[in-house]
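So you can see what is in the structure, the chains are spelled out below.
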Amino acid sequence: MAPMGPNSFACSVSALTSRDNHLAAMVEIFGAPEEWTRPPGFGTLVRLILEQQVSLASAEAAYRRLELRVAEVTPASVLDTDDAELRA
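This write-up is about the structure you can find in this document. (Residues numbered from 1 in each chain as written. Predicted model: local features only at pLDDT ≥ 70, side-chain atom pairs only at ≥ 80, totals over all residues. Heavy atoms only, no water.)

1. Structural notes on the packing of aromatic side chains
Spelled out, the test is: Aromatic contacts are taken between Phe, Tyr and Trp rings whose centres are within 6.5 Å, Trp giving its six-membered ring; a plane angle under 30 degrees counts as stacked, one over 60 as edge-to-face, and the others as tilted. For a Lys NZ or an Arg CZ to count as sitting over a ring, it must be within 6 Å of the ring centre and within 35 degrees of the ring normal.
For the structure shown, the criterion picks out zero aromatic pairs. Sitting over the ring of Tyr63, Arg47 keeps its end group 4.0 Å from the ring centre.

2. Considering a nonpolar patch on the surface
Definition in use: Two distance rules govern patches: like charges are joined within 9 Å, and nonpolar side chains (Val, Leu, Ile, Met, Phe, Trp, Tyr) within 5 Å, applied only to residues with over 30% relative accessible area and no salt bridge. Each accessible area value is a Shrake-Rupley result obtained with a 1.4 Å probe; residue values ignore everything except the protein chains displayed when judging cover. Definition used for salt bridges: Asp or Glu carboxyl oxygen within 4 Å of a side-chain nitrogen of Lys or Arg. A helix here means a DSSP run of H or I that spans at least four residues, while a strand means a run of E at least two residues long, and both kinds are numbered starting from the N terminus. Think of it in three bands: with a 1.4 Å probe and only protein chains considered, a residue is buried below 20% of the maximum accessible area for its type, exposed above 50%, and partly exposed in between.
Taken together, the side chains of Leu16, Leu23, Met26, Ile29 and Phe30 define a hydrophobic patch exposed on the protein surface, amounting to about 530 Å² of accessible area. Of all the elements, helix 2 (residues 21-30) adds the most residues to the nonpolar patch, at four residues. Following the sequence through the fold, Ile29 ends up in helix 2. You can call Ile29 exposed: its relative accessible area is 59%.

3. Description of helix 3 (residues 42-53)
Keep this limit in mind: Between the first and last residue of a helix there are one fewer steps than residues, each counted as 1.5 Å, and that sum is the expected span. The arc in question is the one traced by the directions running from the helix axis out to the C-beta atoms. Any two residues whose heavy atoms approach within 4.5 Å are treated as being in contact.
The terminal C-alpha atoms of helix 3, which comprises twelve residues, lie 17 Å apart, in line with the 16 Å expected from a rise of 1.5 Å per residue. Listed as buried for helix 3 are Gly43, Thr44 and Val46. Considered in projection along helix 3, the buried side chains sweep an arc of 160° and stay on one side of the axis. Turned more than 90 degrees off the buried face of helix 3, the exposed positions are Gln52 and Gln53. Where helix 3 is buried, its residues contact helix 4 (56-70).

Structure representation (structure tokens):
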């Protein structure tokens, strides 16, 4: 799957606002949301999960602590870390 680009993002916003009057009103008032991207990979997945669970600042702190424990956040490095270390 190709990453979204400016044209596909704008098309997605247009498609959503054409189906949802409340969303259309918000986009009319505030403009379309800013498009942002992240690099693909396991580290990004971990960050997204953390950000769904706690505040962005707390998620960032937790991710940084994880990086200090495992150096590079990969499936193998997380699996090689015992539960006590991960809880710490």
